[in-house]
Every structure is written in C-alpha cells, then in structure tokens.
Amino acid sequence: MKPWLPLVTYLSLAAVAFFMPEYSKTIATIVFFMALGQAVNIFVGLTGYVDFGYVAFMAMGAYGLGVVLYYMPQLGFAALPLGLALGVLMSILLAAVVGGVALRLRGAYFAIATIGVNEGVKHLIIGANIWGGGAGLILGSRAFEAFGRDTALWLANVGSAVLVIATGFMAVVAMYLIQVSKAGYALAAIRQDEDAAKVMGINPTKYKLLAFMTSASLAGLLGAAYYPLGNLQVFPENVFFIEYILDGLAVMFIGGAGTVTGPIVGGALYIIVRTVVGELLPGYQVFVTALVLMTTVILLPRGIVGTLRLHLPPKLREWLP
Amino acid sequence: MSLLIVDGVVKKFGGLRAVDGVSLTLDRGEVLAIVGPNGSGKTTLLNVINGVYKPEEGRVILEGRDITKLPPYLRARLGISRAFQVPRPLPDSTVLDNVATGAIFGGGYDIHSAKEAAEEALSYVGLWEKRHQLAGALAFSELRLLELARALASRPKLLLLDEVMAGLSPSEIDRFVVLIRRIAEEKNIAALSLVEHRMRAVVKMADRALVMHQGKKIMEGPPGVVLNDPKVVEIYLGRPWRF
C-alpha cells in the first residue's frame, strides 16, 4: 500500500488553506467531513463495528481545548497544545472505558450499548452544570486574552482549517501504520470472522480497542479543531449533535469502508450533494443524502474507491489504498 | 509426558451433559480419531480442548500445564490449532494472507517470516499456486487444505480436526488421510480428528480410535478392533462393519 495519493491531497488542501486564508473556512468545512469519515473509518471500516456514541469523542476533544482556554487563558500560547492534548486524552480515556466494557459484545449488541454514551455524557455536563453546563463555553474574549486578538482570529480562521486537515492527514498515517503491522492482519481477521480469529491466536478485544482508541483520539482532535478553535465556542447541543456519526458513516460508505482514499472522495461528494441540494431544494439535504447513501450501498457495496480498487490491476491498486 | 491430557471433563448445557466425564491422552505424532454419531458430544469435547467452552468439571492439560481456564487465542499460541467443520476462511484476504495471519498470531512469527512460513505450509498441502487468489474464490476441497495450511503455519503441537473429511469425494479423502499421516509422522504433530461416517478413513489415518456415545466414552483402542467391537457396532453403526 502506497499512501501518497491521500497524503498529497491533504497537503495541497493545507497549502491552499494556509496561503489563501479567504478560502480557509470553506476548505475547513469540506475537509471536516473527509476527516470525520477518515476517523470513523479507522474503527468502523477496520473492525466492522458501528458506534452510535461516537460523537462523544469529538465532544471530549472540543471540551478539552475549551476548558483549558476558558479557565486558564493566562497560559498564553501554551493553552493551545495543552488544550489539544487534554482533549485527545479525554477522548482516549472515554474510548478506553466504553470500549473496555462494550467491545466484548458483538456487532449489533455493541452498537446498542453505545447509543446511550453520547446522550449520557451530554446530560451529565448539562445536568451537573460542569464546564459551563447547558450554556456552554464562549471563548472569544479568552482566546483574545491567551493569543492576542489578531493571532486568535488567524487561528480561528486558518489555524483551525489546517488542524482539521492535519487530522485527516494523521488518520491516513494511522491507517497506513495499522495496515502494514500485525494489527492490520488481526483486524482483517476480526472483521471477516471473529471466532476464526480467536482460534488463530488473535485477542479480538485488544485489537478492537486499539482501533477504537486511535479513532477516538482523531475524533477528539477534530472536535477541538472545529469548535473551540474554529468557532470560539463549545455548546453541548453542537458538540454532541448525534447526526455527525451518521455523516461520518455516510462519507465512509460512499467512499468505501476500509479504504484509505475512500473518505476523501466520499467527503467531497457528500458536501457537493448537500450544497447543491441546499441551493435547489432547501430543507431536503438529509433526504437526498439518504437516497445517495442507499443507492451507493445497494449498487456499490464497497463504495466508490472500494469498487474502483476491485477493477484496477494489482500494481495500480497499491496506489489507490 | 503426554502432550495432551483430558481428565474427567464434564460440559453441561442446562440439564444435558453433552460431555460426561471423558478422559483421554495424546502423545506427539499420534493421530487419535474420535468417532461417534451425530450428537454424541464430539464437537463439544473439541470445543472444550480448544477453549471455546469452559468445562464444569475436569481439566485440560497441555505439556503438563493446566490450560482449562485459558481463552482460545492463548491456547492457539501454546500450540493448539484447529480446522473447522465448515471451513472458515477470511474470504476477502488472499490465501497467503490467510495462512500468514495464522503464522503471525498462532505461530508468533513477525510479518516477514510469517509470509515465508505461510508459503512453506501452502506448498506442503499443495496450495502454493493459489497463494495470490482471494480465499473466497477457492473450491470447497481447497478451503479444507487452506485451513490445514493455516493450522500448520502456526507451529502447532496439536491439530484439532473437526470433521475435515465431510463433503470431500473418496479420492480427496484418500489424499487427506495421507496428508494427515504425513504431518503426524514428519512434523511430529499430534492430531485429534473427529469422524462421524468415514470409517474406512479412520482405520487408515488413526493410531487409536475413541468412541463416544451420549457424551460418554464407550471404548478406546486400535481402530480396527474398536470399530468391529459388537458393542460399538450395536450402539453406533447398527449393523456389523466389514473392511
């Protein structure tokens, strides 16, 4: 597998976002769906499990950076790396807790067990009134205090776009590292036949947890890049918005589950369809994207890239991971 | 020291004693056939040895170590490999990757040497030419060979063969019997093979036969003697068997 095509795509997008700040927000919005698809793909695409509580990981990342910025703006620039690290750490911890318990369950049971996680964490924050509770964290003035006004605005515009793109980039790297290592073989076996995998000497829980935590950390980074850094606010109703997992799954399935390039293609198509439908038939976006998703899953069960790969000669297939 | 000791194993499903106090021993390089009609508890016993089920009573001992409570993946690493009754390949992976996966996790190889071990195992069973095909595209008898190669590549001490001759033609069975004998003799691997109907194969393949009926061990001994025993013939075959 040669990961250059997706990596170069992300690098070019990052260059455009960096050197043409007027396009940064647009690029961030598009790449958000690609990177979301990438992150979801690392868990769902590689293990075949579906997590309906997934958005909670994005929320943890958003709150990690949000909380550090809100309560400790005096840290200055250190607040950014510290906040990102805290966000990623909280995502990984939540994944370890949820996965450690629920990943012992099979497919559908796992999906059911995770449905409550997102709402549960959200209502914990609102009900217990922690981290700003239902009112959320408004970070504009804190970010100005920490970074200075101009830098804060640049970070919100260009910085967040670059970080969203970097998340997608890292997801490709993670996918590559997993697939060329023992973990790739283990996950391929688990996805295809978990019982056979066990008998072959594979500890399924271990590798599912590895994919789950990797995927969660990237989702956390994405949440941190998008809400506290990009929008300068963290509202529970936004960061726990459950439809994002459906978006992520749609992007992944349209592009091709388990493929590396798939979420980039899927994300681009997804956003194009939503934008065009939003212009022509406002309010019908979800309906039409649902139709697109169903059509893809029925006609191209391996997704666009997955189907393309099937028809490429092995030499070329390497280049379209 | 025996490679495998199964000591008074009992496995119940509700009120049913699917395996009822079965004991057996197996040495390196020895082939034991467990014979019994459908529902006699053969596969349950295999699942207890394999770790899929934990027995209510009794112990499973591999090379002097009590493995009764170990999960299947740890037993695989200790040298217990299994071929399923219905072959369970990874259909979307290549034949080579299927076997290499067994080598990596069961055999403890790194990825590079796992591929070498996989190629060696594939040529041993005669499937090397198909190594780049997807496993899902193989014919049924080839899937049987794939499972055997996958088991072999994981450096087993004990092969558990669950009805591996079911669904094969008589000539394919003959080839399989020769292959299993070769594995036992050349590689000094013990094999425990479940057989429901292929009695002719049992006599050629096994050093010993153990007959199960309603979860209990009825008899054990040289295949030719055991299968002709009037008691076995009566409870199992229903009429005298002549070879």
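Keep in mind that this is a model prediction, so the values were computed, not measured. (Residues numbered from 1 in each chain as written. Chains lettered and ligands numbered in written order. Predicted model: local features only at pLDDT ≥ 70, side-chain atom pairs only at ≥ 80, totals over all residues. Heavy atoms only, no water.)

**Student:** Break down the interface of chain B and chain A for me, citing the residues and quoting the values.
**Tutor:** Many structure descriptions define interface size as the accessible area lost when the parts assemble. Facing 23 residues of chain B, the contacting portion of chain A comprises 19 residues. Summed over both partners, the interface of chain B with chain A comes to about 1,800 Å²; 65% of that surface belongs to carbon and sulfur atoms. Contact with chain A buries area across many residues of chain B, yet B:Tyr73, B:Leu90 and B:Phe105 alone supply 32% of it, more than any other trio. Inspection of the chain B/chain A interface yields 2 salt bridges. In this structure, A:Asp193 and B:Arg88 form a salt bridge, with 2.8 Å as the shortest nitrogen-oxygen distance. Inspection of the region where chain B meets chain A yields 8 residue pairs in polar contact (both at pLDDT 80 or more). Elements with a contribution of two residues or more to the side of chain B that touches chain A: helix 2 (72-78), helix 3 (95-105) and helix 4 (111-125) of chain B. When residues of the side of chain B that touches chain A are assigned to their parent elements, the largest contribution, 7 residues, is made by helix 3 of chain B. (Contact = heavy atoms within 4.5 Å. Buried area = accessible area lost by both parts, 1.4 Å probe. Salt bridge = Lys/Arg side-chain N within 4 Å of Asp/Glu carboxyl O. Polar contact = N/O pair within 3.5 Å; in protein donor to acceptor, adjacent residues only side chain to side chain. Helix = DSSP H or I, 4+ residues; strand = E, 2+ residues; numbered from the N terminus.)

**Student:** Just give me the short version of the packing of helix 13 (residues 262-280) of chain A against helix 14 (residues 285-299) of chain A, but keep the residues and values in it.
**Tutor:** Residues and elements named next belong to chain A. Interhelical geometry of helix 13 versus helix 14 gives an angle of 140 degrees and a closest axis separation of 9 Å. What the angle tells us is that helix 13 and helix 14 run oblique. Note that helix 13 runs across helix 14; the crossing there is right-handed. Here Tyr270, Val273, Arg274, Val277 and Gly278 of helix 13 come into contact with helix 14, specifically with Gln285, Val286, Val288, Thr289 and Val292. (Axes fitted to C-alpha atoms, helices over the stretch in contact; angles between N-to-C directions. Parallel < 35°, antiparallel > 145°, perpendicular 65-115°, else oblique. Left-handed = near helix turned anticlockwise from the far one by under 90°.)

**Student:** Could you give an account of empty space enclosed by the protein, naming the residues involved and the relevant values?
**Tutor:** Scanning all chains against the criterion turns up 1 cavity of 30 Å³ or more. By volume, the largest cavity amounts to about 70 Å³. Lining the largest cavity are A:Val199, A:Met200, B:Ala76, B:Ser81, B:Arg82, B:Gly102, B:Gly106, B:Arg150, B:Ala151 and B:Ser154. Mapped onto the lining of the largest cavity, the elements with two or more residues apiece are strand 6 (80-83) and helix 5 (140-153) of chain B. Its residues assigned to classes, the lining of the largest cavity comprises 4 nonpolar, 4 polar and 2 charged. (1 Å grid on protein atoms, 1.4 Å probe; cavity = no way out; pocket = protein on both sides within 12 Å on 5 of 7 lines; lining within 4 Å. Points joined across faces, edges and corners; volume = space filled by probe spheres on them. Nonpolar A, V, L, I, M, F, W, Y, C, P; charged D, E, K, R; others polar.)

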